[in-house]
Amino acid sequence: MEDESHPCIRLEKKDLYMFLARLMEESPECHAPSDQFNKTGIVICESDKVHKIVAMSFSTSGLHAVQQIIRCLPSSLRNSTVFLSRKPCTTCTTFLIQGSVSSVYYWPVAPEKKGDDSVVKEDVQQADHMFLRSHISSSVLLPITSFETVKMIAKKILCRRQPNRNSEFLHYQPEKIDYSLFNIHICKDTCVKRMENALRCYNFLLECSQLEKKPEEDVHRHALQLCYFLAARSSDPHRGVGCVLYSQDGYFFGAGYNGYPIGILYANLPLAGRKQQTAGFAKREVVVHAEANVLLYRSKPKIEESDVLYCTKPPCCDCRNLLKNVKVKTIHCVKESFKQCEEGHLDDLKKNFDYHEWEQCETQLTAVSSDSKDNGGAEGRNDEGPPVPHLKKEDLCIFLALHMENSPSESQTRPSESQTLYCKTGIVICEASKPKRIIALGCSTEELHAVPKVLLRFPNALKGCEVYMSRMPCNSCAKFLVQAQVSQVYYWPNLEIKMAEDRSRHDLIQHTNAIFTESYVVAAVYVPTIDNQRKMQILNSNQRAPSDDDLVQITSVFDGKIGANILKYFNLEHLKENQLEQYKENLTTAKNCFKTLASCKDEEIIILEEKESAVKNNPKYTYALQLCDLLASRSDNNNGVGTVIYKEDNIVALGYSGYPKGAMNSLFCRKADVDFDQHAIVCAEANAIIMSSERDLCNAELITTRKPCHDCLKLIRAKNIAKVIWPLRDRNQSRGLTEDHSEGPSVAAADGEPA
């Protein structure tokens, strides 16, 4: 279990939006448009990296939820992602298509259309056909956040708990829902279990946000409940705060929560302390408050006198000034349980605003409900939920960059330490937007640093990309990265430059930091933060004997004595003694996990060339298979597969097995050790070919961790790939391979026989 103060304990963003859409339907102002439709809640957010909430609303008498948003904010739907509490009817589907949305997600409960089964089914089918013809994705989305995580979140947002069983939504019986209406057939049992988990999580968070009732003020109570759900997404490690802006026209035009700035890797920022510390700086200096976020991201520029701001705690002095500046008049917030640290603060709020405070119910937060489900029955334990990849995408990229230093093709020309001022460095470049396609990998050579080597292969193609490096880049590389207009640079805590004189090194590192800072490029040290669950997952994933004979020893500047300058180089001066020890532990864990994933050596690799079979103990293929093992750790399925494609000694494509990009994993599940939904898995070989940065793969070599299936061999032949190589391993099994004697690429057979 993760530490309660760890910032990673928060709701997934899409889970949050589905809960909010559901909660919008609970509003006392929400009504069914007519007798033929159910009432519906809606949340609209942008489809970019931030996914900021544009608006939240609900259906009213005479207007559907979608129509209500379009009436209030006519252009809010363009290129947006829409979350609905029910599957939309044909009327709403028409408006969504005309509004040019990008995708639509909904709960698998009774659709918006109401009436006889035949009428509802016909309406649902028509809506599906309209979405298909318009190329807009629409699908069920069930929150996947675990109940244990939600219980820890509730403590962070400082909620108390009051039993509430009045929600109509909580009386749904998942096993009795007609899942055929949502195109769910073969995975109905999985959907039922995911629905039960989602209902428990939603119910728990709703109960946690109960406030003392005030006559005729149910609207305010509902708005504050929304704030508590938003607070569950906060990345502040100690206190979650949520905030919304409400228009009297019947919609919310701003939503925010406190947390670290966008794009910042908060693992390398201070996690504790509200006041300035003697050494370094405190969390307060870097965390953005919920009130500031809601003002920055509101969709209506001008705030009117009738608009209301809701928040889970009283605004601080700085936020109070911001609110005054944009002319907010009315504030509703939850009363703090402890005394305000600033004298007269409450008086200032009452003086400058129409200020209202709400009391929480007195019942204290309890860990679990009394029903049998909360006691963790056998059924709940067997449902493991969607497969969790061993590594996050960012962790995978930094591990790949570290492993590029082991490249045998580059080590042959590696200069001796006495002949160079620089260390060998690996680099990985990927797109910033999802699915973060990896564009290029590279390593420094005797003639070129890693950065110019990759940039020369892909001129004018890296604008806005993310860069991961095995060391902090030198001045020259920093300038190249800025000129290539990359967006972010992350590096392992080590230095590319190697000089005897500390003063000279200090000056050059300062110059590198200045280049990034003055160019507005985010550059920061990055150490994977691997929790205990993923750590055990990784350490148990490799059943073969590890061998690090050919591996470059992974080091960092924290291996030796740490001086003040070292922390300054990497902007880690804020780390106090206990935090520094934790940071070192994270480094050690990351090193061990990397070694487990990448250090195995396959002794027997057989390559079939024309009609002659020969055993090749080639370091190039050993290294490539280690890369494949790293990639396989990112797979969605249990038996992950990784694939690398070489052309002219350059890595031109990478891939790993998993569900289609952008697909919701809510309905994909594993039970015990049995894989479900294998039909939905895209093979690693197919992903590598589809995502290849090189269009022409003629005469390329494909290396993969398992024998390709029949369909993948067809793709390989179509791309004229010359060789296919895989190792001899105990777990090596064919994935649907059938006899095919047609001409094609040479392949490596694990057992030495032609495939």
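This structure is a prediction, so every number in the text was calculated from the model and none was measured.

S.K.: What am I meant to see in the packing of aromatic side chains here?
M.R.: Between two aromatic rings, the relevant description is the distance of the centres plus the angle of the planes. Tallying each qualifying case throughout the model produces 14 aromatic pairs. Aromatic pair phenylalanine 147 and phenylalanine 204: ring centres 5.4 Å apart, planes at 85°, arrangement edge-to-face. Within this pair, whereas phenylalanine 147 is found in helix α5 (residues 147–156), its partner phenylalanine 204 is found in helix α6 (residues 188–208), the two being separated by 57 residues in sequence. Ring geometry for tyrosine 202 and phenylalanine 229: centres 5.7 Å apart, planes at 45°, overall tilted. Residue tyrosine 202 is located in helix α6, and its partner phenylalanine 229 is located in helix α7 (residues 218–231); the two are separated by 27 residues in the primary sequence. Ring pairing ties together the aromatic residues Phe19, Trp107, Tyr202 and Phe229, which thus form one cluster. Taking the ring centre of phenylalanine 147 as reference, the NZ or CZ of arginine 200 above it sits at 4.2 Å. Note that lysine 300 overlies the ring of phenylalanine 253, its terminal NZ or CZ placed 4.6 Å from the centroid.

S.K.: I tried to follow helix α4 (residues 117–134) on my own but got confused; where do I start?
M.R.: Each α-helix turn comprises 3.6 residues. Residues three or four places apart therefore point the same way. The end-to-end C-alpha distance of α4 is 26 Å, a good match for the 26 Å that 18 residues give at a rise of 1.5 Å each. Within the span of α4, buried status applies to Val120, Asp123, Val124, Ala127, Asp128, Met130 and Phe131. Each buried residue of α4 lies within a common arc of 160° when the element is viewed along its axis, so the set occupies one face. Of the residues in α4, the exposed ones pointing more than 90 degrees away from the buried face are Ser118, Leu132 and Arg133. In the stretch just after α4, histidine 135 is the one whose phi turns positive, near 60°.

S.K.: Mind showing me how you'd approach the nonpolar core here?
M.R.: Nonpolar side chains tend to gather and get buried jointly when the protein is soluble and globular. Counting residues in each nonpolar core, the largest one holds 104 residues, and the members touching the most others are Leu20, Met56, Phe83, Leu96, Val104, Phe229 and Leu309. The biggest single contributor to this core is α6, with eleven residues. With 84 residues, the next largest nonpolar core counts Phe399, Val527, Tyr569 and Leu654 among its residues.

Conventions used here
Every chain's residues receive numbers from 1 upward, in the order its sequence appears when written. A pLDDT threshold of at least 70 governs which residues receive local features in this predicted model, and a stricter bar of 80 or more applies before side-chain atom pairs are shown or counted, although totals over entire chains, interfaces and linings include all residues. Computation of side-chain values: all heavy atoms of the structure, hydrogens and water removed. Ring geometry is summarised as follows: Phe, Tyr and Trp rings, the Trp one being its six-membered ring, pair when their centres sit within 6.5 Å, and such pairs are stacked at plane angles under 30 degrees, edge-to-face over 60 and tilted between the two. Each helix is a run of H or I in the DSSP string that is no shorter than four residues. Each strand is a run of E no shorter than two, and both are numbered from the N terminus. By definition here, charges over rings are those cases where NZ of Lys or CZ of Arg is within 6 Å of the ring centre and within 35 degrees of the ring normal. One less than the number of residues in a helix, times 1.5 Å, gives the span that helix is expected to have. A simple rule labels every residue: compare its accessible area, found with a 1.4 Å probe on the protein chains alone, to the largest value its type can have, and call it buried under 20%, exposed over 50%, or partly exposed in between. The arc in question is traced by the directions running from the helix axis to the C-beta atoms. Nonpolar cores were defined as sets of buried Ala, Val, Leu, Ile, Met, Phe, Trp, Tyr and Cys residues, with membership established by side-chain atoms within 4.5 Å.

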